[in-house]
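# Survey of secondary and tertiary structure
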Amino acid sequence: MKNFKHHLCHYLAKRQLETYPEIKDKISECLVYSSALQLFVITMKSIQHDAQGVILDLERMKDELLLWPYYAEESADEKDIYLIGMWPLVLTHDDINHLNVALRQYVEVLSLGPEWVPDIFFSAYYLREAILSDDAASIFEFAKSHLIGLSFSELFQEKDQRKLIAFEKARINILIGIKLDWIENMFASTDKDEKGELESTGFLRLMSRFYDYLIRVKNGRVNIPPYVKNRQKLYHLKPGETVQHGLLGKTQMILNLDVHHTKILIINTPYGCYRLRDKR
């Protein structure tokens, strides 16, 4: 797909949210985004290399998912969250079999049922083909072919007939009524297409960095250090103080508040700003 990076980054940029009200008049730029993009970042941070290529570090992703509810944005579409959340796996895999294994890990670590598998896998296949081809018809046909050839029982080592039937029903529903609205929206022409546009705003620069990082990971040009649990607490930090957090990276405290029996922390990280909420 021509200008794939351009379209993908702009599509992701639609997930930007308004700055948190507590700091709206205090900080010029605080990059805040939806739960869908938060899960994208969680998956991206949980990627690791092994002998076969790129996999998910399940220990890290489980820890990331334990922290996520404290900063996740509410009122998000569940399907949108899970589909966008798996995109880092597509961007880091060329081999379809290795992609299938990574997607299986993703489905299992999120405890998604078999009815989710066809939707997630078809979307992944379509996105993969869009990276490789400019022909919309062939993209669709190859993605559909991959879904038809997917063996749920073999990939997931599953024998439960109820789960197998649930998967097949979901697969049939997709094959007879595939809706590509989100794909058409992603690849729709944007208002501007000038060279260097991805450098025009802080949020687009962040999306561009995410994309470039994932491509470097796919090409083996990133040395990802092993995950080491870090139980560094944030609640004692004062505004302006910085700490190296095991999951969030270099983290600066912006605000540390107690509001109606709820601790609210607003922090800035290399991945954007987060507001953590913990009811007392």
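Quantities reported herein were computed from a predicted structural model and do not represent experimental measurements. Numbers given for residues are sequential positions, taken from 1 along each chain in its written order. Reporting in this predicted model follows two pLDDT cut-offs: at least 70 for local features of residues, and 80 or more for side-chain atom pairs to be given and counted; totals over whole chains, interfaces and linings ignore these cut-offs and use all residues. Hydrogens are left out, water is left out, and the side-chain values use all remaining heavy atoms of the structure.

## Considering the overall build of the protein
- For helices the rule is a DSSP run of H or I covering at least 4 residues; for strands it is a run of E covering at least 2, with both sets numbered from the N terminus onward. From N to C terminus, the protein includes twelve helices and eight strands.
- Radius of gyration means the value over C-alpha atoms here, while the globule rule gives 2.2 Å times the residue count to the 0.38 power. Since a compact globule built from 280 residues should have a radius of gyration of about 19 Å, the 20 Å found for the protein is in line with a globular shape.
- The dimensions of the protein, computed from C-alpha atoms along their principal axes, are 55 × 50 × 35 Å.
- In the protein, which comprises 280 residues, the share counted as buried stands at 52%.
- Throughout, a residue-residue contact means that at least one pair of heavy atoms, one from each residue, lies within 4.5 Å. In the protein, the proportion of contacts linking residues at least 24 apart, taken out of those at least 6 apart, comes to 62%.
- For the protein, the computed accessible surface area is about 14,500 Å², with 49% contributed by carbon and sulfur atoms.
- Only four residue types enter the tally: Lys and Arg on the positive side, Asp and Glu on the negative side; His and the chain ends are excluded. A charged residue contributes its charge at one atom only: NZ of Lys, CZ of Arg, CG of Asp or CD of Glu. With 36 positive and 38 negative side-chain charges, the protein shows a spacing of 5 Å between the two charge centroids. Think of it in three bands: with a 1.4 Å probe and only protein chains considered, a residue is buried below 20% of the maximum accessible area for its type, exposed above 50%, and partly exposed in between. Here, Shrake-Rupley sampling with a 1.4 Å probe gives the accessible areas, and only protein chains in the shown set may cover a residue.

## Points about the pairing of strand 7 (residues 262-269)
- For strand 7, the buried fraction is high: seven of the eight residues fall into the buried class.
- Any two strands are treated as partners once DSSP identifies two or more bridges connecting them. Pairing geometry for strand 7 and strand 8 (residues 272-279), over eight bridges, is antiparallel. By the bridge assignment, Thr269 is partnered in strand 8 with Gly272.
- Here strand 7 hands over to strand 8 after two residues, the two strands then running antiparallel side by side.

## Quick word on the state of the cysteines
- The criterion for a disulfide is a pair of cysteine sulfur atoms lying within 2.5 Å. Taken as a whole and judged by the stated rule, the model has one disulfide.
- For Cys30, the disulfide goes to Cys273, at an S-S distance of 2.3 Å. Within this pair, whereas Cys30 is found in the loop between strand 1 (16-17) and strand 2 (32-33), its partner Cys273 is found in strand 8, the two being separated by 243 residues in sequence. With respect to burial, Cys30 and Cys273 carry one shared label: buried.
- Just so you know, Cys9 is unpaired, no disulfide at all, and the nearest cysteine sulfur is the one on Cys273, 19 Å from it.

## Description of helix 3 (residues 58-67)
- Within the sequence span of helix 3, burial applies to Arg60, Met61, Asp63, Glu64, Leu65 and Leu67.
- Of the surrounding elements, those touching the buried residues of helix 3 are helix 2 (35-45), strand 4 (53-56), helix 6 (96-109), strand 5 (242-245) and strand 8.
- Regarding helix 3, its N-cap is Asp57, as a side-chain oxygen of that residue lies 3.2 Å from the backbone nitrogen of Glu59 further along. Counting of polar contacts relies on pairs of N or O atoms within 3.5 Å, with two restrictions inside protein: one atom must be capable of donating a hydrogen and the other of accepting it, and residues adjacent in sequence are counted only when both atoms are side-chain atoms.

## Things to note about the confidence of the model for the protein
- Note: pLDDT gives the predictor's confidence per residue, expressed from 0 to 100. Scored by pLDDT, the protein has a mean of 88; 90% of the residues are at 70 or more.
- Across the protein, the element-wise mean pLDDT spans from 61 in helix 11 (residues 181-186) up to 97 in helix 2.

## A word on the nonpolar core
- Buried Ala, Val, Leu, Ile, Met, Phe, Trp, Tyr and Cys residues form a nonpolar core when they are joined through side-chain atoms within 4.5 Å. By size, the foremost hydrophobic cluster in this structure holds 85 residues, and its most contacted members are Leu39, Phe40, Tyr106, Ile120 and Phe121.
- Other than its neighbours up to four places away in sequence, Phe121 contacts Asn100, Leu103, Arg104, Val107, Leu150, Leu155 and Phe156.

## Details of the environment of Leu237
- The residue Leu237 is located in the loop between helix 12 (202-218) and strand 5 in this model.
- Sequence separation between Leu237 and Asn256 is 19 residues, and the spatial gap between their C-alpha atoms is 7.5 Å.
- In this structure Leu237 touches Val243, Met253 and Asn256, once residues within four positions along its chain are discounted.

## As for the sheet that holds strand 8
- Overall, antiparallel pairing links the four strands, which are arranged 5-6-7-8 in an open sheet. Where the open sheet ends on each side, the last strands, each with one partner, are strand 5 and strand 8. Each strand axis lies, on average, 35 degrees off the axis of its neighbour in the sheet, ignoring direction. Inter-axis angles, ranging from 0 to 180 degrees, are taken between N-to-C directions of lines fitted to C-alpha atoms, where helices are fitted over the stretch in contact.

## Observations concerning the environment of Leu155
- Secondary-structure assignment places Leu155 in helix 9 (residues 152-155).
- Through-space distance from the C-alpha of Leu155 to that of Asn97 is 9.7 Å; in sequence the pair is 58 residues apart.

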